[in-house]
Amino acid sequence: MRSFPIPCLAVSLLLLLAGCDVDRLQIRIGENAAARRPAAAVAVAPRTVLAMRPQTPPAGAAAQPLAAAAAGPTAIRPLLPAAERYGNLDVRLHPVEGVPAGVPQLVTFGVPFPRGSIDAAGLSTVRVLDAKGGEIPAHVEQLTPWRHVSDAAIDGKSVRVARIQLRYSFAAPYPASEAIRVEWGYRARAADVATLENPRNGWQPVTSGSFVAGDGVSEPKVYAVLPAATLARGVLRIGPMQPFAPEIAATRDDPATMDATEHYPQYTEQMYAAKNFFYAHIGEDDPRVTAANQIPYKGAEGEPWLYDRVSAFYGLYFRSGFFKALRESVRAAEFYRVNLYPQGTTPDSAVGAFKLKNPNPAAYIGANGAMYSYGEGLAYTYWLTGDDLAKDGAKLAAKAQQDANDEPDRWSPTSSYTERHMAFKLMAMIVGYELYGDVPYKTGASKTYRERVQTLLDNLVWHQNGAGGALPANRIDGGLWKYGSQEGNGPQDQLVVSFWQTPFMVDAMVRAYVLTDRADVANFIRRTGTALKYGGKSYPPAQRQYYTDQPENLGLVDYVTLVDGSTYAADGVGPEHALEVAGALGWAYYFSRLTNQRDDTLKQAANDLYRTYDYEVNDWTRPTAPELGLTAYRTNPPRRYNWTYKTSGSLSWCLSDVRRVSN
């Protein structure tokens, strides 16, 4: 790659009509009976359509509001989707290799519901139907409720994810797949299975790809694939995302075609790249790539897992609905889980630490070691497969963030402190609370997940507000300023921020806002964008010509920013973190509107950085590299994929109230 790329931007954004249309094609929800079209009149994608008779809305449902409320062109869309009191969802069942046709297989999967859609008692109306509309016997139970830190009217009152289990026989083996339908709210389930069987009875060891039996990785014999329009609504991964454009196929694209196309319309460059560079990450870029040039995700140090490889993979699945993305996410989560130190490890503080990063549990772990402990991707595995071991793994990861991460909860001028370490600690506690509720983070602990979340949020807001006067009044607002000696970057005795770390904090804060509805959290996210604008520097015309001679606005990201907003020259600026910083700016723009403090300069800064990323994707795509044993879709260092895509999936959704400029 050339060492100093530059992107430009031309994005202002697309009205989310395409995303809305896809949603209506994939899932039919409780809407006004008079306005509801019969199912036969809905043009459903052939891959998922089931020929079933339309359902009559349940009694009293006519007054239910539309799930997608009509909004004017300047109205801000809600962060969470509207409740769906009744509806149906098409699910695609994919058997893996070796599963025979005609033999019933145990299938367990989760179905996400928008908040307020259905309570635990209402799960008695969840029915599973075959392609002819016949009911399939099924066990249905609540897997996780919607939780809220302070609102008792929300906390625990509705189902966030339901676990469904059934047995299914396939007409044909892999790679064939078959569709079933899940419906709710119409009538009581007649073919009920009272008892849950251990979901792991439907799993088997993985001995394909790069995995061998000794890795201890298992996977379901049957995967249940949900449509992207359902997955992208922000019920599992908080924060809505635009589903992939329909022209994007599940398979790896020809790198020559990708490289020859400088820009794709709107934000589809990000969609193509998230998929294509994913194939390089799992060792399936090109058969000519030598073993030495594959990403060593089972190797020492565990670097490819830094910044949460599992959640980055799930982000691809949530936007695409691709079977391949789900399967590799589950496999990655399994490998990751079995490499967390289990309960009973000595010392106890090592429990939940990642073995590849911390090969000796008795050695010092600290914040850098705990930085490899993530519960988020394991929560997604639990919610999508119903596997209880994944939930247990998420609890281990949260424990490591509390017991092994030695950075204090509250900033002071003397301790080590970075945005990323605090962000991962906060995210771990949020996920623990989502999964377990207001219980101690470990046996015997006095602090609960809920208390940990509240404490961390209070301290972060206090820090951004000036740390009780410890930070100068003339600082750039919005940053979590600390000394270079605390972070290990920049001048040791000056206040600095590394804005490339800030997107991880914004990611956790968006999730925290949904759990708390705290106005100070909403303003924290908005104010972070104010600071991020200073971390994104414009390309001067001479540098811009590296990519284009057009007068476009392109942006770079400081590695370290000084308290007055200037760049720490010794570390400079670069394009490597353009997309994730753009994603954080997108959220800051959204929350500027949510708090009635609309700031369009945040949107512009996000688009400038996106354009930089758009150019840079071509710079990292090398069609002829496999001839030399190298990957065509270069990801170096491997963690680059994770930091680029884990937090940036909502960018286009956040900005989609504005028409983008295509070229």
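Residues numbered from 1 in each chain as written. Predicted model: local features only at pLDDT ≥ 70, side-chain atom pairs only at ≥ 80, totals over all residues. Heavy atoms only, no water.

**Concerning the side chain of R475**
Let me state the cut-off plainly: We count a stretch as a helix when DSSP gives it H or I for four or more residues in a row; a strand needs E for two or more, and each element gets its number in order from the N terminus. Burial status follows relative accessibility: with a 1.4 Å probe on protein chains alone, a residue under 20% of its type maximum counts as buried, one over 50% as exposed, and anything between as partly exposed. Charged-residue counts in this description rest on Lys and Arg as positive and Asp and Glu as negative, His and the chain ends being excluded. Criterion for a salt bridge: a side-chain nitrogen of Lys or Arg within 4 Å of a carboxyl oxygen of Asp or Glu. Polar contacts, as used here, are pairs of N or O atoms within 3.5 Å; protein pairs need one atom able to donate a hydrogen and one able to accept it. Residues neighboring in sequence count only if both atoms are side-chain atoms. Only heavy atoms enter the contact rule, under which two residues are in contact if any of them lie within 4.5 Å.
One can find R475 in the loop between α11 (449-464) and β12 (482-483). Of the side chains with opposite charge, D477 lies nearest to the buried R475, which makes no salt bridge, at 4.6 Å. Within polar-contact distance, the side chain of R475 engages the backbone oxygen of Q464 at 3.3 Å. Only 3.0 Å separates the side chain of R475 from the backbone oxygen of P472, close enough to count as a polar contact. Among all residues touching R475, those that are not within four sequence positions of it are Q464, N465, G466, W481 and V563.

**Some details on the sheet that holds strand β3 (residues 105-112)**
By way of backbone hydrogen bonds, the strands of a sheet pair with one another, either parallel or antiparallel. Stated precisely, the cut-off is as follows: By the convention used here, strands pair only if DSSP detects at least 2 bridges between them. As a rule, the C-alpha atoms of each element are fitted with a line to give its axis, helices using only the stretch in contact, and angles between N-to-C directions run from 0 to 180 degrees.
The strand order across the open sheet built from three strands is β3-β7-β6, with neighbouring strands paired in antiparallel fashion. The outermost strands of the open sheet, each flanked by one partner alone, are β3 and β6 (138-145). Across the sheet, the mean angle separating the axes of adjacent strands is 20° when strand polarity is ignored. Pairing of β6 with strand β7 (residues 159-168), which is carried by seven bridges, proceeds in the antiparallel orientation.

**Points about the nonpolar core**
Selection criterion: Among buried residues, the Ala, Val, Leu, Ile, Met, Phe, Trp, Tyr and Cys ones that are joined through side-chain atoms within 4.5 Å form a nonpolar core.
Counting 173 residues, the largest nonpolar core has F109, I164, L166, Y317 and W587 as its most contacted members. With sequence-adjacent residues up to four places away left out, L166 is seen in contact with Q105, L106, V107, F109, V128, I136, P137, A138 and I180.

**Side note on the environment of K298**
As for its placement among the helices and strands, K298 is situated in the loop between α4 (268-281) and α5 (309-320). Judged by relative accessible area, K298 falls into the partly exposed class, the value being 32%. Residues K298 and S210 lie 88 residues apart in sequence; the distance between their C-alpha atoms is 8.9 Å. The contacts of K298, once residues within four sequence positions are left out, are S210, F211, V212, D215, F335 and L356.

**Observations concerning the sheet that holds strand β17 (residues 573-574)**
Spatially, β14-β15-β17 is the arrangement adopted by the three strands of the open sheet, whose pairing is antiparallel. Each having just a single partner strand, β14 (536-538) and β17 make up the two edges of the open sheet. The pairing of strand β15 (residues 555-558) with β17 spans two bridges and is antiparallel. What sits directly across from D558, in β17, is V573.

**Details of unusual backbone geometry**
In this chain, T346 is followed by P347 through a cis amide linkage whose omega measures 0°. Its location among the elements puts P347 in the loop between α6 (323-338) and α7 (366-370). Here the amide bond leading from N636 into P637 is cis, since omega sits at 0°, within 30 degrees of zero. Turning to its location among the elements, P637 is positioned in the loop between α17 (600-619) and α18 (639-645). In this structure, Q266 is a non-glycine residue whose phi angle is positive, near 55°.

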